[in-house]
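Residues per chain are reported as follows:
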Amino acid sequence: MLKSRLKTLFLAASVTFLAVSLIIFPQESFDASIRGLNMWWEIVFPSLLPFFILSEMLIGLGVVRFIGILLEPLMRPLFKVPGVGGFVWAMGIASGFPAGAKLTARMRQEGQLSKIEAERLVSFTNSSNPLFIFGAVSVGFFYNVHLGVILALAHYLGNISVGLMMRFYGRSEERTTTDKKPKISLRDAFAALHRARVQDNRPIGKLLGDAVTSSIQTLLMIGGFIILFSVINKLLFHLHITVFLAKFLEDILVMLGMTGMLSLPFISGLFEITLGSQMTSQVQDATLMHQAIITSFILAFSGFSVQAQVASILAQTDIRFQPFFFARIAQGFFAAFYAFLLWKPVYERFFQDEQPSNVLPVMEYFTSEGSRLADTYSRIVTAGPLITIGSLLVYIWILGIRLLDKK
């Protein structure tokens, strides 16, 4: 009872404190809101919407069941999750935060995952997409497309490491089952696909409309969190709370051989990854390797903004948030370690000015691919507002038609 009352008091005091801060810093709050809104409607909305709609269609048509049976022999031994986890993982990498959580929650609601399996899966399927790593961070902030190779390798190796670690999670709560080697059967996969489509039984028009409305509703929620945490981050900076927290981190960074100037970007990155990555790139006293390590941690931890989005999505199910939060901390350390480990053998060997000619062709693919991703990111930023406005108009049109049908 006392714990519950203390929680109520803490939440009420926190919200009141933020409300008062908004009144004290109205211009700063407004600027932060505009920044968050621009990020959402220029980048987040147009980049996530196609993947969300496609995922809903694939689930409704039974394709995910088909993929799940084929991927069972890979996902079950490695990560102790069903084969559908392979689809969630792939879509999470391609589309970025928080697609992995949304798809995991959907799989859990459909009964394709147990509670423990869902908590394992959501822990390693939420990642930043390559567009953001190469386009926004490596090119937009560091003006160095080669750095994106290190950041991407560290980030996705961190994902895999967390997945392998989380396979041991929840064994005591999981029902003991005999481990049988799953057999790949195209006949069974096609049968599962057909059963799923028949059970869904929605016409293609209704399925598409539901996919659009569900995806846009999720993206509206994501936009709210992005704007809110953009404001919170700005308020914490102006209230000198961020600087106060950074002072405790300075000594640790100096002990690790880094400059203490990276502490402020690191703390900011714990709240919002874009601002943290940008501030890290602007620290003149830090070496590029140290900047890459800090940025890798920030990207892997994914910020309280993304974590709040995930918590909101998971709240619709019985999936607990605590394992996801623990996994974010673990992935942060994994990614930072991989960035440090890969710096000399990958970045210094292949991307320094004095690189030997015989190794250039090996890494040309990664560099050219990173450049293409950066160009794609720039095009999305340019066309993003038009895509967002058009999609919202379609969403309003679908809702209007359905309201008229009900009447």
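For clarity, every value in this text was computed on a predicted model and none was experimentally measured.

Definitions and limits used
- Residues numbered from 1 in each chain as written.
- Predicted model: local features only at pLDDT ≥ 70, side-chain atom pairs only at ≥ 80, totals over all residues.
- Heavy atoms only, no water.
- Patch = residues over 30% accessible without salt bridge, like charges linked within 9 Å, V, L, I, M, F, W, Y side chains within 5 Å.
- Areas by Shrake-Rupley, 256 points an atom, 1.4 Å probe, with all protein chains shown as cover.
- Salt bridge = Lys/Arg side-chain N within 4 Å of Asp/Glu carboxyl O.
- Helix = DSSP H or I, 4+ residues; strand = E, 2+ residues; numbered from the N terminus.
- Buried < 20%, exposed > 50% of the residue type's maximum accessible area, 1.4 Å probe, protein only.
- 1 Å grid on protein atoms, 1.4 Å probe; cavity = no way out; pocket = protein on both sides within 12 Å on 5 of 7 lines; lining within 4 Å.
- Points joined across faces, edges and corners; volume = space filled by probe spheres on them.
- Nonpolar A, V, L, I, M, F, W, Y, C, P; charged D, E, K, R; others polar.
- UniProt positions renumbered as here; feature names shortened; annotations may be inferred.
- Contact = heavy atoms within 4.5 Å.
- Polar contact = N/O pair within 3.5 Å; in protein donor to acceptor, adjacent residues only side chain to side chain.
- pLDDT = per-residue confidence, 0-100.
- Axes fitted to C-alpha atoms, helices over the stretch in contact; angles between N-to-C directions.
- Parallel < 35°, antiparallel > 145°, perpendicular 65-115°, else oblique.
- Left-handed = near helix turned anticlockwise from the far one by under 90°.

### Describing a nonpolar patch on the surface
A contiguous nonpolar surface patch, about 420 Å² in accessible area, is contributed by Leu-74, Leu-78, Leu-153, Leu-157, Ile-160 and Leu-164. Here Leu-164 is to be found in helix H8 (residues 147–166). Look at Leu-164 and you get partly exposed, because its relative accessible area is 35%.

### What about empty space enclosed by the protein?
If you walk through the whole model with that rule in mind, you get one cavity of 30 Å³ or more. In this structure, the largest cavity encloses a volume near 340 Å³. Taken together, the elements giving at least two residues each to the lining of the largest cavity come down to helix H2 (26–60), helix H7 (130–141), helix H10 (204–238), helix H13 (273–281), helix H15 (303–314) and helix H17 (360–406). Of the residues assigned to the lining of the largest cavity, the class counts are 14 nonpolar, nine polar and one charged.

### Here's the deal with the UniProt feature "transmembrane region" (unreviewed entry) in the protein
The UniProt record marks residues 47–71, 78–97, 131–157, 207–232, 252–271, 292–315, 321–343 and 380–404 with the feature "transmembrane region" (unreviewed entry), using the residue numbering of this structure. Taken end to end, residues 252–271 is 65% helix and 0% strand, and its first and last C-alpha atoms sit 20 Å apart.

### Observations regarding the environment of Thr-317
Mapped onto the secondary structure, Thr-317 falls in the loop between H15 and helix H16 (322–351). On the basis of relative accessibility, which here comes to 19%, the residue Thr-317 falls in the buried class. For the pair Thr-317 and Ala-105, spaced 212 residues apart in sequence, the C-alpha separation works out to 6.5 Å. Leaving out residues up to four positions away in the same chain, Thr-317 has contacts with Ala-105, Arg-108 and Gln-109. One polar contact links the side chain of Thr-317 to the main-chain amide nitrogen of Ile-319, over a distance of 3.1 Å.

### A few points about the confidence of the model for the protein
Detailed reading of the predicted model is not advised wherever pLDDT is low. Per-residue confidence for the protein gives a mean pLDDT of 84, with 91% of residues at or over 70. Taken element by element, the predicted model of the protein shows its lowest mean pLDDT in H17 (73) and its highest in helix H14 (residues 288–301) (93). Low pLDDT (under 50) marks residues 354–360, which in the prediction has six contacts with non-local residues, meaning those over four places away or in another chain.

### Quick word on the layout of surface pockets
Roughly 650 Å³ of volume is contained in the largest pocket. Looking at the largest pocket, it is lined by 15 residues, and the ones nearest its centre are Phe-10, Leu-11, Ser-14, Leu-18 and Phe-229. It is helix H1 (residues 2–24) that provides the largest number of residues to the lining of the largest pocket, a total of seven residues.

### Some thoughts on unusual backbone geometry
A cis amide bond, omega -15°, links Phe-97 with the succeeding residue Pro-98. Of note, Pro-98 is situated in the loop between helix H4 (84–95) and helix H5 (99–109). One non-glycine residue, Ser-302, lies in positive phi territory at about 75°. Following the sequence through the fold, Ser-302 ends up in the loop between H14 and H15.

### Considering the pattern of salt bridges
Taken as a whole and judged by the stated rule, the model has 10 salt bridges. A salt bridge links Lys-102 to Glu-56; its shortest N-O distance comes to 3.4 Å. Of this pair, Lys-102 sits in helix H5 while Glu-56 sits in helix H2; the two residues are 46 residues apart in sequence, bridging distant segments of the chain. Accessibility classification places Lys-102 together with Glu-56 in one group, the buried group. Among the ionic pairs, Arg-106 bridges to Glu-56, the shortest N-O distance being 2.3 Å. In this pair, Arg-106 sits in helix H5 while Glu-56 sits in helix H2, placing the two residues 50 residues apart along the sequence. For the pair Arg-106 and Glu-56, a shared accessibility class is recorded, and that class is buried. Via salt bridges that share partners, Glu-56, Lys-102, Arg-106 and Glu-110 belong to a single interconnected network.

### Description of the side chain of Ser-281
Checked against the element boundaries, Ser-281 lands in helix H13. At 2.6 Å, the side chain of Ser-281 forms a polar contact with the backbone oxygen of Gln-278. Sequence-distant contacts of Ser-281, that is, excluding residues within four places in its chain, are made with Phe-141, Phe-142 and Gln-291.

### Considerations on the packing of H10 against helix H12 (residues 263–271)
Two numbers describe a pair of packed helices, the interaxial angle and the distance between the axes. Between H10 and H12, the least distance of the axes is 9 Å, while the angle of their chain directions is 150°. Comparing their axes, H12 and H10 come out roughly antiparallel. For the pair H10 and H12, the crossing hand works out as right-handed. Contacts between H10 and H12 pair Phe-229, Asn-233, Leu-236 and Phe-237 from the former with Leu-264, Ser-268 and Phe-271 from the latter. Across the contact of H10 with H12, the residue classes break down as five nonpolar, two polar and no charged.

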